[in-house]
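# Residue-level structural notes
Chain by chain, the residues run as shown.
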Amino acid sequence: MTEFWLISAPGEKTCQQTWDKLMVATARNNNLSTNNKFNIPDLKVGTLDVLVGLSDELTKLDTFVESVVKKVAQYMADVLEDSRDKVQENLLANGVDLVTYITRFQWDMAKYPIKQSLKNISEIIAKQGTQIDNDLKARASAYNNLKGNLQNLERKNAGSLMTRSLADIVKKEDFVLDSEYLITMLVVVPKISYADWQKMYETLAEMVVPRSTKLLFEDNDSGLFSVTLFRKAVDDFKHKARENKFTVRDFQYNEEELKADKEEMTRLSTDKKKQFGPLVRWLKVNFSEAFIAWIHIKALRVFVESVLRYGLPVNFQAMLIQPNKKNMKKMREVLHDLYKHLDSSASVIDAAMDIPGLNLSQQEYYPYVYYKIDCNLLDFKV
């Protein structure tokens, strides 16, 4: 994805002149960037006090809603698991890709009526962001629990013979059941010790039924053998088996339990499939909502900051710049030359410098109004 610079400069005689000047300096002559006008409607200005307070509130709201946008995007990637290459095509705003949405930005009058005060509009967005954040937590928690339980069961059905579930391995006919005196035990034997087992198993305790062992299953390292003996010899048999590095699995055949295990696995797998579609749909819709809200916050910030900096009547041009990666430094210099007359103090402040008492680490300061929009929303490269 890509990075945008959302800037504003005061209108010269007209706002169109401000736009033309930028285009000549950055796009027409030296191809430093791709530029678009960023249309902000005539919003209600309110009092200076309100604007100053709102400026701080919008900074926090911007950070919060951006975090919601990123959380929804990241969770979309987690949910899509093996189809992560499909993430980007699901991250749309108003049905179009993010770059198209930003470069053709139109204020949503239905969601954020401009007859309302700036404070009301910011409160609508804050409420919306909080709602999406809370819903995401609840949905993610439910889906993650389901996924976690299923993974635990899957792990039980995989892994080594020492620990894995035996539900899909053993059958009723492998056991002597309902006998007062006899019991069938299951023993894990390393492959290299098969010959030793065959030679020794009848003598590991006094009451082992001769020729009762049978290989039921094997993995890469071991085999699972059944052996039948008298109940009273169990402890002795276990002890001797351990001495010879044969592991007796603690297992009693219970048809109901094994059936319940299999049914639980099927149920969880079905539930996960059932929830997957609606969850992805919810993520798509709410990613779009959160992203749209976020870009409206950027618009509000440009408006508020422009009025505070350039004064009344409202007369500024908001412009969206997509700098070419190789020319970012040059682009900054060109913008500085264009707008340094707006604020002479800005020329001594280098964004990389840390001046005590000036909080520049979070937001670089330039003579023009500037906000960055970074569309790299995922922690990994798709």
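Here the structure is a predicted model, which means the values were calculated and not measured. For every chain, the first residue of its written sequence is number 1, and the numbers climb from 1 along that sequence. In keeping with the predicted nature of the model, local features appear solely for residues at pLDDT of at least 70, side-chain atom pairs appear and are counted solely at 80 or more, and the whole-chain, interface and lining totals rest on all residues. Side-chain metrics in this entry use all non-hydrogen atoms of the structure; hydrogen atoms and water are not considered.

## Here's the deal with the overall build of the chain
Under the convention used in this document: Secondary structure is summarised from DSSP: a helix means a run of H or I of at least four residues, a strand means a run of E of at least two, and numbering begins at the N terminus for each. Each radius of gyration is computed over the set of C-alpha atoms, and the globule rule expresses the reference value as 2.2 Å times the number of residues to the power 0.38. Contact between two residues is taken to exist if any of their heavy atoms lie within 4.5 Å; hydrogens are not considered. Values of accessible area rely on a 1.4 Å probe in the Shrake-Rupley scheme; residue burial ignores everything except the protein chains shown. Charge convention: Lys and Arg are scored as positive, Asp and Glu as negative, and His as well as the terminal groups of each chain are ignored. For this purpose, a charge sits on NZ of Lys, CZ of Arg, CG of Asp or CD of Glu.
If you tally the helices and strands in the chain, you get nine helices and eight strands. The C-alpha radius of gyration computed for the chain amounts to 34 Å, which surpasses the reference 21 Å derived for 382 residues by more than 25%, pointing to a less compact arrangement than a globule. Dimensions of the chain along its principal axes, counting C-alpha atoms only, are 105 × 40 × 40 Å. Considering only intrachain contacts with a sequence separation of at least 6, the fraction spanning at least 24 residues in the chain is 79%. Put simply, the chain shows about 20,900 Å² of open surface, and 50% of that area lies on carbon and sulfur atoms. Within the chain, the 52 negative side-chain charges are centred at a point lying 4 Å from the centre of the 53 positive side-chain charges.

## Side note on the side chain of Arg-301
Worth spelling out the cut-off: What qualifies as a polar contact is a pair of N or O atoms within 3.5 Å, subject to a donor-acceptor requirement within protein and to the restriction that residues adjacent in sequence count only when both atoms come from side chains.
Tracing the backbone shows Arg-301 in helix H8 (residues 255-310). Polar side-chain contacts of Arg-301 include one of 2.6 Å to the side chain of Asp-62.

## Points about the sheet that holds strand S4 (residues 214-218)
Each strand in a sheet pairs with another by means of backbone hydrogen bonds, the pair being arranged parallel or else antiparallel. We count it as follows: The pairing criterion for strands is at least two bridges between them, as found by DSSP. All axes are obtained by fitting lines to C-alpha atoms, using only the stretch in contact for helices, and the reported angles, taken between N-to-C directions, cover 0 to 180 degrees.
One open sheet accounts for four strands, arranged S4-S5-S3-S6; its pairing is antiparallel. Each edge of the open sheet carries a strand with a single partner, namely S4 and strand S6 (247-249). Here the average twist between neighbouring strands, direction ignored, is 35°. With respect to the sheet, helix H7 (residues 234-243) is in contact with strand S3 (182-190), strand S5 (222-230) and S6, its orientation differing from that of S3 by roughly 5°.

## Describing the pattern of salt bridges
As a reminder of what qualifies: Put simply, a salt bridge is a Lys or Arg side-chain nitrogen that is within 4 Å of an Asp or Glu carboxyl oxygen. Partly exposed describes any residue whose relative accessible area lies between the buried limit of under 20% and the exposed limit of over 50%, with all areas from a 1.4 Å probe on protein chains only and scaled to the type maximum.
Applying the stated rule across the entire model yields 21 salt bridges. Linking Glu-289 and Lys-111 is a salt bridge whose minimum nitrogen-to-oxygen distance equals 3.4 Å. Separated by 178 residues along the polypeptide, Glu-289 in helix H8 and Lys-111 in the loop between helix H4 (98-103) and helix H5 (118-156) bring together distant segments of the chain. Judged by its relative accessible area of 23%, Glu-289 falls in the partly exposed class. Through salt bridges with shared partners, one network takes in Glu-57, Lys-119 and Glu-123.

## Description of the nonpolar core
Put simply, the test is: Nonpolar cores were defined as sets of buried Ala, Val, Leu, Ile, Met, Phe, Trp, Tyr and Cys residues, with membership established by side-chain atoms within 4.5 Å.
Ranked by internal contacts, the top residues of the largest apolar core, which has 82 residues, are Ile-7 and Phe-291. Examining the composition of this core, we find that 19 residues originate from one element, H8, more than from any other. Aside from chain neighbours lying at most four places away, what touches Phe-291 is Val-69, Ala-93, Leu-98, Tyr-101, Ile-102, Cys-375 and Leu-377. If you look at the next biggest cluster of nonpolar residues, it comprises 19 residues, including Val-189, Trp-197, Ala-205 and Phe-225.

## So, the confidence of the model for the chain
Counted only if it meets this: Values of pLDDT, the confidence the predictor places in each residue, fall between 0 and 100.
Taken as a whole, the chain shows an average pLDDT of 91; of its residues, 94% reach a score of 70 or greater. pLDDT under 50 marks residues 348-362. Its contacts with residues more than four places away, or in other chains, come to nine contacts.

## A word on the packing of helix H1 (residues 15-28) against helix H9 (residues 328-339)
Under the convention used in this document: If you view the pair so one helix is near and one far, a crossing is left-handed when the near helix is turned anticlockwise from the far one by less than a right angle, and right-handed when it is turned clockwise. By the convention adopted, Pro, Cys, Tyr, Trp, Phe, Met, Ile, Leu, Val and Ala count as nonpolar, Lys, Arg, Asp and Glu as charged, and the other residues, Gly among them, as polar.
Put simply, H1 and H9 touch, their axes get as near as 10 Å, and they point 140° apart. The crossing of H1 and H9 is right-handed. Counting all contacts with H1, which are made through Thr-18, Lys-21, Leu-22, Ala-25 and Thr-26, the residues of H9 involved are Met-331, Val-334, Leu-335, Leu-338 and Tyr-339. Tallied by class, the residues present in the contact of H1 with H9 amount to seven nonpolar, two polar and one charged.

## A look at unusual backbone geometry
Following Leu-312, the chain continues into Pro-313 via a peptide bond in cis, with omega recorded as -5°. Tracing the backbone shows Pro-313 in the loop between H8 and strand S7 (316-323). For Asn-94, which is not glycine, the phi dihedral falls at a positive 60°. Given the relative accessible area of 56%, Asn-94 is considered exposed. Even without being glycine, Arg-211 reaches a positive phi, approximately 50°. As for its placement among the helices and strands, Arg-211 is situated in the loop between helix H6 (194-200) and S4.

## Quick look at the pairing of S7
A regular strand places its side chains on the two faces of the sheet in alternate fashion. Across the eight residues of S7, seven count as buried, placing the element largely inside the fold. Sheet topology note: the strand S1 (residues 3-10)/S7 ladder contains six bridges and is antiparallel. Pairing of Trp-5 across the sheet is with Ile-321, part of S7. Summarising the sheet, strand S2 (residues 33-37) and S7 pair through five bridges and their orientation is antiparallel. Counted as the bridge partner of Thr-34 is Gln-322 from S7.

## Here we look at the packing of aromatic side chains
Where we set the bar: Note on aromatic pairs: the rings of Phe, Tyr and Trp (six-membered ring only in Trp) are paired at centre separations within 6.5 Å, and the planes decide the class, stacked below 30 degrees, edge-to-face beyond 60, tilted for the rest. Think of it as a cone above the ring: NZ of Lys or CZ of Arg counts as a charge over the ring if it is within 6 Å of the ring centre and within 35 degrees of the ring normal.
Applying the stated criterion across every chain, the model contains 18 aromatic pairs. On the numbers, 6.1 Å between centres and 85° between planes, the contact of Trp-5 with Tyr-370 is edge-to-face. Within this pair, whereas Trp-5 is found in strand S1, its partner Tyr-370 is found in strand S8 (residues 369-374), the two being separated by 365 residues in sequence. The two residues Trp-5 and Tyr-370 agree in class, both being buried. Ring geometry for Phe-38 versus Phe-105: centroids 4.6 Å apart, planes at 5°, classification stacked. In this pair, Phe-38 sits in the loop between S2 and helix H2 (48-80) while Phe-105 sits in the loop between H4 and H5, placing the two residues 67 residues apart along the sequence. Both residues of the pair, Phe-38 and Phe-105, count as buried. Cluster of aromatic residues (ring-pair linked, three or more members): Phe-38, Tyr-101, Phe-105, Phe-287, Phe-291 and Trp-294. Over the ring of Tyr-370 we find Arg-332; its NZ or CZ atom is 4.2 Å from the centre of that ring.

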